[in-house]
Every structure is written in C-alpha cells, then in structure tokens.
Amino acid sequence: AVHRCGVALTDFGSEVRAAALREAEQTREEMRPNTIEATCSRLQNTNKVLLRAVHHLAERCRRLEGSSGEVQSLRQALEQSQEVQRRLQHSNQVLQEHLKVHLNACHLAGD
C-alpha cells in the first residue's frame, strides 16, 4: 500500500510538472508579438460580442419596464371591474328580495 501511494504521488508530481511547463510555454507564446496581436484581435471580438449582449439586455429591460406600466393599468382596470361586479351582485340580491316580498304580498292578497 505504501509503495502504491509512493508511485501515485510520483505520477501526480510528474503530471503537475508537465502542466506547469505547458503553462509556462503558453505564457511565452502569448508574449510573442504575433501572438499579442492575435490576442488583441480575440479580445476586440469578445468585446464586440459582449457589447452587443449588453445592448440587447438593456433593450429587454426597457421593454419590460414599459410592459410593467401596462400591467399596473390592467390591474387597476381589473380591480374596478371586480368592484362593479360586486355592486351589481348586491343590487341583484336586493331586487330578488323585493320581488319575493312583492310576490308574497300578491299571493296573500289573492287568498
């Protein structure tokens, strides 16, 4: 078990060294003039894409803010129509009671 752990640690150390060497080589490549120009070009393209995304999101926010005002007015109209409906239901109940009283009076007068 100790031997296997030693071998595993040795292998891991070798992988770490290889990764460090690859990163160092990549950094050296990036520092070369042609690579710097390529990196700048990539960054400019990335910036353009990000700027378009920001503008797109800003437009979506403006549209959502506009629609939130519409939602508020629709909500108010709904509340008003619900209040009218409640009043009409109450009036209907009152009229039905008056009708019952009147019909009962007519029925009693007929007897």
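Okay, so let's go over this structure. (Residues numbered from 1 in each chain as written. Predicted model: local features only at pLDDT ≥ 70, side-chain atom pairs only at ≥ 80, totals over all residues. Heavy atoms only, no water.)

Tallying secondary structure elements over the protein chain gives two helices and zero strands in all. Against the 2.2 N^0.38 benchmark of 13 Å for 111 residues, the protein chain shows a C-alpha radius of gyration of 40 Å, more extended than a compact globule. If one aligns the C-alpha atoms of the protein chain with their principal axes, the spans along those axes are about 115 × 50 × 10 Å. For the protein chain, the proportion of its 111 residues judged to be buried stands at 1%. Approximately 10200 Å² of the protein chain is accessible, and the part contributed by carbon and sulfur atoms is 60%. Of the charged side chains in the protein chain, 15 are positive and 14 negative, and the gap between their average positions amounts to 4 Å. (Helix = DSSP H or I, 4+ residues; strand = E, 2+ residues; numbered from the N terminus. Rg over C-alpha atoms; globule rule 2.2 N^0.38 Å. Buried < 20%, exposed > 50% of the residue type's maximum accessible area, 1.4 Å probe, protein only. Areas by Shrake-Rupley, 256 points an atom, 1.4 Å probe, with all protein chains shown as cover. Lys, Arg positive; Asp, Glu negative; His and termini not counted. Charge placed at Lys NZ, Arg CZ, Asp CG, Glu CD.)

Turning our eyes to something else, we now look at the pattern of salt bridges. Tallying each qualifying case throughout the model produces five salt bridges. The residue Glu83 makes a salt bridge to Arg86 at a minimum N-O spacing of 2.9 Å. Within this pair, Glu83 and its partner Arg86 are both found in helix H2 (residues 33-110), separated by three residues, close to a single helical turn. Taking the relative accessible area as the measure of exposure, Glu83 reaches 32% and is therefore partly exposed. On the accessibility criterion, Arg86 (47% relative accessible area) is partly exposed. Measuring nitrogen to oxygen at the nearest pair gives 3.8 Å for the salt bridge that ties Lys100 to Glu97. Taken together, the residues span about one helical turn, with Lys100 and Glu97 both in helix H2 at a distance of three residues. Here Lys100 falls in the partly exposed class, since its relative accessible area comes to 48%. Judged by relative accessible area, Glu97 falls into the partly exposed class, the value being 45%. Beyond isolated ion pairs, a larger network of salt bridges with shared partners links Glu59, Arg62 and Arg63. (Salt bridge = Lys/Arg side-chain N within 4 Å of Asp/Glu carboxyl O.)

A few words now on the environment of Thr27. Mapped onto the elements of the fold, Thr27 is located in helix H1 (residues 2-31). Through-space distance from the C-alpha of Thr27 to that of Ser81 is 69 Å; in sequence the pair is 54 residues apart.

Note that Ile36 resides in helix H2. Sequence spacing of Ile36 and Arg86 is 50 residues, and the spatial spacing of their C-alpha atoms is 73 Å.

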